[in-house]
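These are the residues of each chain, in order.
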Amino acid sequence: KANSYEGKSELKETYESTKIFSFEECKNIKELLTNAIELIANHTKTDYNQIILCSKISLYENGLVVYADNVSENKQRYRLVAQDGLIGKAFHDEAIIIVKNIEENELYFTAVLETKSEVVIPIVINNKTVGAINSESENVDFYSDKVVKELCILSEELGSALKRLNYRTDICVDKLPYVHI
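Small disclaimer: the values here were computed from a predicted structure and weren't measured.

K.L.:
Just to check I follow, could you spell out the packing of helix α2 (residues 29-44) against helix α4 (residues 145-164) for this structure?
P.N.:
Each pair of packed helices gets described by two things: the angle between the helix axes and the distance between those axes. It is at 10 Å that the axes of α2 and α4 come closest, and there the two elements cross at 175°. With respect to their mutual orientation, α2 and α4 come out roughly antiparallel. Across the interface between the two elements, Leu-32, Ala-36, Leu-39, Ile-40, His-43 and Thr-44 of α2 pack against Val-147, Glu-150, Leu-151, Leu-154, Leu-158, Ala-161 and Leu-162 of α4.

Here it is in structure tokens:
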């Protein structure tokens, strides 16, 4: 399963007891994306985080599109995500991807020259991957097990909230909000 790891229930209890944020209070997708990207940025402590969702990009095609980010102005910001690379692999393989050093991974798609490590966590609704959380760092081997586990929990909570708010992959790209913090 895309978001499974040892110690999950214990960490979830610890995480929930801190009451950092509850997605249950979000009334619409824009509010959800805003709160989620803020929370992701606070946990990763990086300036390159994205929430990517699958949506209708043409009459006949779905694609992965960035709907929320905190990417700084001096780094490349883009909405449409290539279907390949690490994000595409995480999406299509329904797998968590942790790259400690991007120079050692041929799947890394160079969007920002300063990136040294990356983590991609699938977002799942009803056992189907519908998007991903992507975070990039300027430091090699940046993402601790604790941060990855927190992102997995956030991904699960985000998937549940998206389901509650009736998100579907057949929604046209221009019908979903884009949030930049």
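K.L.:
In this structure, what is going on with the packing of aromatic side chains? I would like to understand it.
P.N.:
Centre-to-centre distance and the angle between the planes together describe a pair of aromatic rings. The full count for this structure, using the stated rule, is one aromatic pair. Look at Phe-142 and Tyr-143: their rings are 5.1 Å apart centre to centre, the planes differ by 90°, and that puts the pair in the edge-to-face class. Taking the relative accessible area as the measure of exposure, Phe-142 reaches 29% and is therefore partly exposed. For Tyr-143, a relative accessible area of 7% gives the class buried.

K.L.:
Quick question: what am I supposed to make of the pairing of strand β5 (residues 117-125) here?
P.N.:
On any regular strand, side chains alternate: one points to one face of the sheet, the next to the other face. β5 sits mainly inside the fold: eight of its nine residues count as buried. Alignment of strand β4 (residues 97-99) against β5, held across three bridges, turns out to be antiparallel. When the bridges of β5 are listed, Val-99 appears paired with Glu-118. Two elements, β5 and strand β6 (residues 128-137), share nine bridges in a ladder whose sense is antiparallel. Residue Ile-125 lies in a different strand from β6, and its bridge partner there is Lys-128. Connecting β5 to the next strand, β6, in antiparallel fashion are two residues, including Asn-126 with a positive phi near 50°.

K.L.:
Explain the confidence of the model for the protein to me, please; I cannot follow it from the model alone.
P.N.:
For residues with low pLDDT, the predicted coordinates do not support detailed interpretation. Averaged over every residue, the pLDDT of the protein is 85; residues scoring 70 or more account for 85%. Across the protein, element-level confidence peaks in β5 with a mean pLDDT of 96 and bottoms out in helix α1 (residues 8-18) with 45. A low-confidence stretch, residues 1-19 (pLDDT under 50), is modelled with 31 contacts involving residues beyond four sequence positions or located in other chains.

K.L.:
Please clarify how the nonpolar core should be interpreted in this entry.
P.N.:
Within soluble globular proteins, side chains that are nonpolar generally end up buried alongside one another. By size, the foremost hydrophobic cluster in this structure holds 48 residues, and its most contacted members are Phe-23, Ile-51, Leu-158 and Tyr-167. Sorting the residues of this core by element identifies α2, β1 (49-56), β2 (62-69), α3 (85-93), β4, β5, β6 and α4 as the ones contributing at least two each. Of all the elements, α4 adds the most residues to this core, at eight residues.

K.L.:
Honestly, α2 in this entry has me stumped. Any pointers?
P.N.:
Under the 1.5 Å per step criterion, the end-to-end length of α2 is 22 Å for 16 residues, consistent within 8% with the ideal 22 Å. What α2 keeps buried is the set Ile-29, Leu-32, Leu-33, Asn-35, Ala-36, Ile-37, Leu-39, Ile-40, Ala-41, His-43 and Thr-44. The opening residue of α2, the one whose side-chain oxygen lies 3.2 Å from the backbone nitrogen of Lys-30, is Asn-28. One or two positions beyond α2, positive phi appears at Lys-45, with a value near 60°.

K.L.:
Just to check I follow, could you spell out the pairing of β1 for this structure?
P.N.:
Buried residues dominate β1, accounting for seven of its eight residues. By the bridge criterion, seven bridges tie β1 to β2 in an arrangement that is antiparallel. Paired with Ser-55 across the bridge in β2 is Gly-63.

Analysis parameters
- Residues numbered from 1 in each chain as written.
- Predicted model: local features only at pLDDT ≥ 70, side-chain atom pairs only at ≥ 80, totals over all residues.
- Heavy atoms only, no water.
- Axes fitted to C-alpha atoms, helices over the stretch in contact; angles between N-to-C directions.
- Helix = DSSP H or I, 4+ residues; strand = E, 2+ residues; numbered from the N terminus.
- Parallel < 35°, antiparallel > 145°, perpendicular 65-115°, else oblique.
- Contact = heavy atoms within 4.5 Å.
- Phe/Tyr/Trp six-rings, centres within 6.5 Å; stacked < 30°, edge-to-face > 60°.
- Buried < 20%, exposed > 50% of the residue type's maximum accessible area, 1.4 Å probe, protein only.
- Pairing = 2+ DSSP bridges.
- pLDDT = per-residue confidence, 0-100.
- Core = buried A, V, L, I, M, F, W, Y, C linked by side-chain atoms within 4.5 Å.
- Expected span 1.5 Å × (residues − 1).
- Polar contact = N/O pair within 3.5 Å; in protein donor to acceptor, adjacent residues only side chain to side chain.

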